[in-house]
Amino acid sequence: MNDDQNRKVEFAECLRRHQSQLFGYIHALVRDLNDADDLFQQTTTVLWKKFDDYDRQRSFLSWACGVARYEIANFLRARSRQRLYFSDELNLVLIEAQEELQPVELEERREALVQCMTKLRERDRKLLETCYSAAGGVREAAQREGRSPQSVHNSLRRIRRALFECILRTLAQNSRIEVIL
Amino acid sequence: MSEPNEVPADLRDLFDDYVSGLLDEDRVKLLEARLLADAQARAWFVRYCRLDTDIHLEVRARLAGERALRTIDEQVLAAGADGGSRRAERTVASRLRGLRSARYAAMAAAAVLAGVGVWLWLSGKSDAGDEIAWLINAQNCQWADQLAPAGDMRAGKVLRLERGLAEIRFLKGARVVLEAPASLELLSGNSGRLARGKLTAKVPESAKGFQLHLPQGKVIDLGTEFGAAVTADGSSDVYVFAGTVEAHADPSKDAPSTSISLTEKQAACIDAHGVSLKAPWTETGRKDFVRAIPVVVPRIFSVDFTRAVEGTLQDALGRGTGLTHRLPGTGQRLRNNDGNLSLNLEEGRLELTTTNSDINTQFCLDTGEYLGIRLADLGFGGLEDFEVTVVVPNVPALKAVGQFGLYAGARSDHNVRGGLISRKEPEQYRQFLVQNQGGNDNPPHYVGVTYPGQDLRLTLKREQARFSLTVENLTTGTSTILSMPQPRVMEGDPDLHVGFFGANTQSELRRTLILKEFKVTVWTIASGSS
C-alpha cells in the first residue's frame, strides 16, 4: 500500500471507531436527523482534508467534534436560527461530556433500547414509529389520531422517560459497564 | 454516581422539550445556563439526547427492514407464474424475516447514516445510478423543507409535496400524478406507498403489477389507470378509470373481505374494516382526480400606445388608448374624451394627469383614474394566476400625499393596489402594497425608496394565492419586491379588473405621469388537458 492508501485506511479506521459518537454529538446540537446526516458528511469531508494536520496524540473524537462545531455554527448562522440553539461555549464543553459516552456504553444503551421498545404498549410503539419515521412527525401523528400536537408531545415525553428509565434499569442489571447516572 | 431522580424534574422537562424542539429563546438560555453550571447535568443531557438519536435510528431501521422485506416479497411475486419456484423464494423471504433481529436492524441504520459512506469511499464505489423513479413534470410545486427531489429518487425516498402537481415515472414505466398535499414513498421501480393525499396512476403493459401501498391495504394494478386518495382517518378510496385493479385490505385485519377486483368506473374503500365496493362511479368523483398535469398557456394583452384603438377608453382628443375598462366604482363623472389622458403615438406613451381622489375612504372616486382591462377578456375564470405590468419613466414629483401604481380587484371598495406613495418626506417615494376592504385601506405594507426623475417598471402579480408588487428601478438597476397573502374575498372571484392608477390624494397639485408598455398576462389552463 502506498502512503495515500495508508492514510485512507487510518482515517477510515478512526472514523469507524468514533462515527457513532460524532453523529450523536451533531444530532444532539441540531436535533434534525437529516440535517445531522448532512453535517456529518460535511464534517467528514473537512476532517479528511485536514487529516494531515491532526495531532495523533490528541483524541480523534475531540478533534472531530471541534470541526463539527464550526460546521454546525455555520449551518445555523446560514439559517438564521442560532437563537434557538446553544452558544459555541456550551457546544465546546459538551464535547467532553460526549467523549465520556464511550462506544461500549453507546452499544449497551442501544441494545437496551431495543429490549425496552418491545416492552412498550403497542399504541405507544406505533406512536413512536409515526413520530420518528422520515415520512411522519408529530404533526402527522396528531392529524392521524385527531389529537392536538401538544397532546402528542406529552405522550412522547412520557414514552421517552419510560424508555430512559428502562434503559437505566437494564444497564444496572447487566452492569457490564459502569452506569454513571 | 448518582440516581436519576436527583436530576430536578424541571431540568428533565427542559431536556425533553429541547429534543422535541419546543423551547423558545428564553428557555434555551435557561437550559444553557444550567448545563454550563453543572457537569452532571451535561452528562445526563448527552444521554437523553442519545436516546432521542437512538430512537430515530431504531425506528428508521425497523421501517427500512420492513420495506426491504416487502420489496423481496414483490420481487418474488413478480418472478413469474412458476408456482414451485415462487414457493421456494417465499421460503427464502420468510427465512430472511425470521433471521432479522432488532440488533441487525439497529446496526443497519447506523451503517446507513454514518458508515456506508466510508465503506463506499474506501472501496471506490459510488451509490449513484440506482434511482428507481424520476420527476418528469411539475407545476407550482412546493416540497416540504424546500427539498425538491434531485437525482435522489431511490428506494425509501419520501416525496412530500405541499403544493402543486408532480408527475413521477417509475423505473418500470408506471406514471403517477401526485396532487398536493401528499406524501409518497418510493419503494421499488414498480411500487410506492401513499401515506396521505391523492394520486392517479397510468400503468402500461411493462409495469403490469404496479403496487400502491395504502395505510390499510394496497392496490395492485393489472395494466390500467386508477386514482387513489388517502383520507385523514387513514382509509383510502380507489377509483378505476380503465382496466382492472385488485384492491386488498391488510391481511392482518380481521375483515370479512380482504380483496376485491375492480373494473372501469368502479370504486372501493379500503379501511380498518377491510375492503368494500363503493357506490357507482359519478362524474363528480371522476373530476376530483387530476389525471394529467394541465398545460398552462399564458394569454397576453399588451398595448404600447403607438396607435389609437377604436372602441376603447378615449383620450382628450377622442383617440382610443387601447385600455378597455375602468375599475368599477371609479371614473363615472369623467367625460368620454377624458381630458386627463393624452396619447403620444410617436413616443409610444400615454400621459395621465392625476386627479384629487382617494380610493382609501372612496374620496371623489367618480373622477378617479383607474384604467385597465377586465381579466375575463383573457379567459380568466377566477383561479388563474395573473400579472399586470407597466413602465413609468421620469417619475414626476407628486406632493404628499400622492400615489400611483397598479391595481387588481372587483370594485373600488374591494381590491389590492400597490405602487409608489409620496408622504412625509418631500421629493421621495416609498413602495407600498395594500388591500382595500369595504372602501378603506387595511394597514399598508411599505418598503424601498425611489425618487422623482427615475424610470420604473411596476409589476403586480398574483401567484399561488399571494400578491406581490415588484418595482424595478431602471435608472439604478435595482429592484424591490413586496408581497402579501391574497385577501380571502378575492379567492376564485372571476370578475376581476387590473390596471393602472394615479392620484394626488391629499393635495391639489396635479402631475402628469407617463405610461409605457402596459401588459397583462393570465396563465390559463388549456382546455381538455386535465
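Going by the structure above, here's the rest.
Below or above, wherever it landed, is the structure these notes cover. (Residues numbered from 1 in each chain as written. Chains lettered and ligands numbered in written order. Predicted model: local features only at pLDDT ≥ 70, side-chain atom pairs only at ≥ 80, totals over all residues. Heavy atoms only, no water.)

With respect to the overall build of chain A
Then comes step 1: Check the secondary structure of chain A and you find 8 helices and 0 strands.
Then comes step 2: Secondary structure elements of chain A occur, N-terminal to C-terminal, as α-α-α-α-α-α-α-α.
Then comes step 3: Split into buried and exposed, the 181 residues of chain A put 52% on the buried side.
Then comes step 4: For chain A, long-range pairs separated by at least 24 residues make up 64% of all intrachain contacts whose partners lie at least 6 apart in sequence.
Then comes step 5: Here chain A has roughly 9100 Å² of accessible surface; of this, 45% comes from carbon and sulfur atoms. (Helix = DSSP H or I, 4+ residues; strand = E, 2+ residues; numbered from the N terminus. Buried < 20%, exposed > 50% of the residue type's maximum accessible area, 1.4 Å probe, protein only. Contact = heavy atoms within 4.5 Å. Areas by Shrake-Rupley, 256 points an atom, 1.4 Å probe, with all protein chains shown as cover.)

Remarks on the overall build of chain B
Then comes step 1: The number of helices and strands found in chain B is 6 helices and 28 strands.
Then comes step 2: The buried share among the 530 residues of chain B stands at 50%.
Then comes step 3: Excluding contacts between residues fewer than 6 apart, the proportion of contacts in chain B whose partners are at least 24 apart in sequence is 57%.
Then comes step 4: When the accessible area of chain B is evaluated, it comes to approximately 23700 Å², of which 50% is carbon and sulfur surface.

Thoughts on the side chain of B:Ser468
Then comes step 1: Relative to the helices and strands, B:Ser468 resides in strand β25 (residues 466–473).
Then comes step 2: Excluding its chain neighbours within four sequence positions, the residues that come into contact with B:Ser468 are B:Leu433, B:Thr459, B:Leu460, B:Lys461, B:Ile481, B:Leu482 and B:Ser483.

Focus on the pairing of strand β5 (residues 211–214) of chain B
All names here are of chain B.
Then comes step 1: Alternating positions in β5 separate into two faces, Gln211 and His213 on one and Leu212 and Leu214 on the other, with burial throughout.
Then comes step 2: Alignment of strand β4 (residues 191–202) against β5, held across 3 bridges, turns out to be parallel. Counted as the bridge partner of Ser191 is Gln211 from β5.
Then comes step 3: Note that β5 and strand β6 (residues 217–221) share 4 bridges and pair antiparallel. Looking at β6, one finds that Leu212 is bridged to Val219.
Then comes step 4: Here β5 hands over to β6 after 2 residues, the two strands then running antiparallel side by side. (Pairing = 2+ DSSP bridges.)

A closer look at the interface of chain B and chain A
How big an interface is tends to be stated in terms of the accessible area lost upon association of its parts.
Then comes step 1: The interface of chain B with chain A comprises 60 residues on the first partner and 65 residues on the second.
Then comes step 2: Our enumeration of links across chain B and chain A arrives at 8 salt bridges.
Then comes step 3: A:Arg157 serves as the salt-bridge partner of B:Asp16, at 3.8 Å between the closest nitrogen and oxygen.
Then comes step 4: One can count 13 residue pairs in polar contact (both at pLDDT 80 or more) joining chain B with chain A.
Then comes step 5: Looking at the side of chain B that touches chain A, the elements that each hand over two or more residues are α1 (9–19), α2 (25–37), α3 (39–78), α5 (102–123), β2 (158–170) and β4 of chain B.
Then comes step 6: Sort the elements by how many residues they give to the side of chain B that touches chain A and α3(B) lands first, with 22 residues.
Then comes step 7: Of the residues contributing to the side of chain B that touches chain A, the split by class is 33 nonpolar, 8 polar and 19 charged. (Salt bridge = Lys/Arg side-chain N within 4 Å of Asp/Glu carboxyl O. Polar contact = N/O pair within 3.5 Å; in protein donor to acceptor, adjacent residues only side chain to side chain. Nonpolar A, V, L, I, M, F, W, Y, C, P; charged D, E, K, R; others polar.)

Quick notes on the state of the cysteines
Residue and element names in this part refer to chain A.
Then comes step 1: This model, assessed by the stated rule, comprises 1 disulfide over all chains.
Then comes step 2: Each sulfur in the disulfide pair Cys116 and Cys166 lies 2.1 Å from the other. The disulfide joining Cys116 to Cys166 has a torsion of about -85° about its S-S bond and is therefore left-handed. Linking Cys116 in helix α5 (residues 103–118) with Cys166 in helix α8 (residues 149–174), this pair joins segments that are 50 residues apart in sequence. In this pair, the class of Cys116 matches that of Cys166, namely buried. (Disulfide = S-S within 2.5 Å.)

Things to note about the nonpolar core
Buried together is how nonpolar side chains tend to be arranged in soluble globular proteins.
Then comes step 1: Within the largest apolar cluster, 75 residues are counted, with the highest numbers of intra-cluster contacts made by A:Leu22, A:Phe60, A:Phe86, A:Leu163 and B:Leu31.
Then comes step 2: Excluding anything up to four places from it in sequence, A:Phe60 contacts A:Phe11, A:Cys14, A:Leu15, A:His18, A:Leu47, A:Phe51 and A:Tyr54.
Then comes step 3: With 45 residues, the next largest nonpolar core counts B:Phe380, B:Phe386, B:Val395 and B:Leu482 among its residues. (Core = buried A, V, L, I, M, F, W, Y, C linked by side-chain atoms within 4.5 Å.)

Some points on the environment of A:Ala141
Then comes step 1: Along the chain, A:Ala141 turns up in helix α7 (residues 138–145).
Then comes step 2: Among all residues touching A:Ala141, those that are not within four sequence positions of it are A:Leu127, A:Thr130, A:Cys131 and A:Val152.

Examining the side chain of B:Gln454
Then comes step 1: With respect to the helices, strands and loops of the structure, B:Gln454 is situated in the loop between β23 (445–450) and β24 (456–463).
Then comes step 2: Other than its neighbours up to four places away in sequence, B:Gln454 contacts B:Val392, B:Pro393, B:Asn394, B:Val395, B:Asn473, B:Thr475 and B:Thr476.

Notes on the pattern of salt bridges
Residues and elements named next belong to chain B.
Then comes step 1: The full count for this structure, using the stated rule, is 43 salt bridges over all chains.
Then comes step 2: When the shortest N-O distance is used, the salt bridge between Arg27 and Asp17 registers 3.1 Å. Taken together, the residues span a long stretch of sequence, with Arg27 in helix α2 and Asp17 in helix α1 at a distance of 10 residues.
Then comes step 3: For Arg27, a relative accessible area of 28% translates into the label partly exposed.
Then comes step 4: Assessed through its relative accessible area of 9%, Asp17 is described here as buried.
Then comes step 5: Of the charged contacts in the structure, one is a salt bridge between Asp441 and Arg417, with a shortest N-O distance of 2.9 Å. In this pair, Asp441 sits in strand β22 (residues 440–441) while Arg417 sits in strand β20 (residues 414–422), placing the two residues 24 residues apart along the sequence.

As for the packing of aromatic side chains
All names here are of chain B.
Then comes step 1: One pass over the full model with this rule turns up 28 aromatic pairs over all chains.
Then comes step 2: With a centroid separation of 5.3 Å and 65° between ring planes, the pair formed by Phe170 and Phe210 is classed as edge-to-face. Taken together, the positions of Phe170 in strand β2 and Phe210 in the loop between β4 and β5 put the pair 40 residues apart, joining distant regions of the chain.
Then comes step 3: Assessed through its relative accessible area of 1%, Phe170 is described here as buried.
Then comes step 4: Taking the relative accessible area as the measure of exposure, Phe210 reaches 1% and is therefore buried.
Then comes step 5: Between Tyr370 and Phe501 the ring centres are 5.2 Å apart and the planes differ by 10°, which places this aromatic pair in the stacked class. With Tyr370 in strand β17 (residues 369–374) and Phe501 in strand β27 (residues 497–503), the pair connects residues that are 131 residues apart, well separated along the chain.
Then comes step 6: We classify Tyr370 as buried; its relative accessible area is 1%. (Phe/Tyr/Trp six-rings, centres within 6.5 Å; stacked < 30°, edge-to-face > 60°.)

Topic: helix α4 (residues 88–100) of chain A
Then comes step 1: Taking 1.5 Å of rise per residue, the 13 residues of α4(A) would be expected to cover 18 Å, and the 19 Å separating its terminal C-alpha atoms lies within 8% of that figure.
Then comes step 2: Looking at α4(A), one finds that the buried residues are A:Leu90, A:Asn91, A:Leu94, A:Ile95, A:Ala97 and A:Gln98. (Expected span 1.5 Å × (residues − 1).)

Description of the environment of A:Arg69
Residues and elements named next belong to chain A.
Then comes step 1: The topology assignment puts Arg69 in helix α3 (residues 60–78).
Then comes step 2: In sequence terms Arg69 and Ile95 are 26 residues apart; their C-alpha atoms lie 9.1 Å from each other.
Then comes step 3: Among residues more than four places away in sequence, those in contact with Arg69 are Tyr25, Asp88, Asn91, Leu92 and Ile95.

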